[in-house]
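Summary of the model geometry
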Amino acid sequence: MSHNCIFCKIVGRSIISTILYEDARILAFEDTKPQAPIHILVIPKVHYSNILEAAEDMPLLGDMLTAVMRLAREKGIADDGFRTVINTGPNGGQTVYHLHIHLLGGRFFKWPPG
Ligand code: 5GP
Ligand code: ZN
């Protein structure tokens with residue numbers, strides 16, 4: 001638990017968020033500033049600042065991807081397709097330093113990204 005971390009506060013329920021999936025180690029909730037009709041964040045409950053820190057825990061990363069796939073199917077965006085994003089560090093555009101996977105869907109996404 002990192003005390004100034006907004007996502008740790010969501011895990012601890014001191015900040016309210018719409019929770020879409022939860023298990024012992026993972027939480028998924030709606031992004032407050034959605035960039036698409038579906039915009040979900042999948043996070044580990046434990047605080048890792050970024051994906052590099054989570055390298056020691058590949059099973060956790062696998063479980064996070066499993067949650068992404070489950071949510072994509074549940075939200076009905078699996079067939080049309082979706083975008084998954086993990087921003088890392090300043091050049092990656094990371095703004096919240098608690099590892100998260102963005103699941104975006106419900107519209108077309110350009111490539112390459114801006
Ligand atoms: P990043 O830029 O770090 O990859 O993504 C951080 C994401 O967290 C952004 O999409 C932003 O809208 C979202 N976010 C920031 N603060 C909150 C919050 O308090 N609650 C929720 N649900 N999402 C947040
Ligand atoms: Zn945190």
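Please refer to the structure higher up on the page.
Because the structure is predicted, anything quoted here is derived from the model rather than measured. (Residues numbered from 1 in each chain as written. Chains lettered and ligands numbered in written order. Predicted model: local features only at pLDDT ≥ 70, side-chain atom pairs only at ≥ 80, totals over all residues. Heavy atoms only, no water.)

What to know about the coordination of the zinc ion (ligand 2)
The protein atoms that coordinate the zinc ion (ligand 2) are Cys 5 (SG), Cys 8 (SG), His 47 (ND1) and His 98 (ND1), at distances of 2.0 to 2.3 Å. Because the angles between the 4 donor atoms bound to the zinc ion (ligand 2) fall within 105 to 117 degrees, the donor set is best described as tetrahedral. Spacing between the donor residues of the zinc ion (ligand 2) along the chain follows C-x2-C-x38-H-x50-H. A single burial state applies to Cys 5 and to Cys 8, both of which are buried. (Donors = N, O, S within 2.8 Å, 3.2 Å for Na, K, Ca; no water. Tetrahedral: all angles 85-135°; square planar, octahedral: opposite > 155°, others 65-115°. Buried < 20%, exposed > 50% of the residue type's maximum accessible area, 1.4 Å probe, protein only.)

Looking at the side chain of His 100
Tracing the sequence through the fold places His 100 in the loop between helix H3 (89-92) and strand E5 (101-105). Engagement of the side chain of His 100 in a polar contact is seen with the backbone oxygen of His 98, the distance being 2.7 Å. At 3.5 Å, the side chain of His 100 and the side chain of His 102 are in polar contact. Here His 100 is in contact with Phe 7, Leu 41, Val 42, Ile 43, Val 85, Ile 86 and Gln 94, once residues within four sequence places are set aside. (Helix = DSSP H or I, 4+ residues; strand = E, 2+ residues; numbered from the N terminus. Polar contact = N/O pair within 3.5 Å; in protein donor to acceptor, adjacent residues only side chain to side chain. Contact = heavy atoms within 4.5 Å.)

Comments concerning the site of ligand 1
Neighbouring ligand 1 are 18 residues, the closest being Asp 31, Asn 87, Thr 95, His 100 and His 102. With respect to ligand 1, the side chain of Asp 31 contributes an N or O atom lying 2.4 Å from an oxygen atom. Asn 87 places a polar side-chain atom, nitrogen or oxygen, 2.8 Å from an oxygen atom of ligand 1. Look at ligand 1: alone it shows 520 Å² of surface, and the protein chains cover 83% of it. According to the grid-proximity analysis, the pocket containing ligand 1 is the largest pocket. Where the shell around ligand 1 is concerned, the elements lending two or more residues are helix H1 (6-11), strand E2 (26-30) and strand E3 (38-44). (Near = heavy atom within 4 Å. Areas by Shrake-Rupley, 256 points an atom, 1.4 Å probe, with all protein chains shown as cover. 1 Å grid on protein atoms, 1.4 Å probe; cavity = no way out; pocket = protein on both sides within 12 Å on 5 of 7 lines; lining within 4 Å. Sits in = over half its atoms within 2 Å of the grid points.)

Some details on the environment of Pro 37
Relative to the assigned elements, Pro 37 resides in the loop between E2 and E3. Relative accessible area serves as the criterion here: at 61%, Pro 37 is assigned to the exposed category. The sequence separation of Pro 37 and Leu 104 amounts to 67 residues, and the corresponding C-alpha distance is 7.7 Å. Once residues lying within four places of it in the same chain are set aside, the contact partners of Pro 37 are Gly 105, Gly 106 and Arg 107.

Re the sheet that holds E5
Spatial ordering of the open sheet is given by E1-E2-E3-E5-E4, a layout of 5 strands whose pairing is antiparallel. Of all strands in the sheet, those bounded by a partner on one side alone are strand E1 (19-22) and strand E4 (82-85). For this sheet, the mean inter-axis angle between neighbouring strands, taken without regard to orientation, is 20 degrees. When E2 meets E3, the two strands line up antiparallel, connected through 5 bridges. From the neighbouring strand, Phe 29 faces E3, where its bridge partner is Leu 41. Contacts between helix H2 (residues 58-74) and the sheet are confined to E1, E2, E3, E4 and E5, with E3 contributing the most and set at about 155 degrees to the helix. (Pairing = 2+ DSSP bridges. Axes fitted to C-alpha atoms, helices over the stretch in contact; angles between N-to-C directions.)

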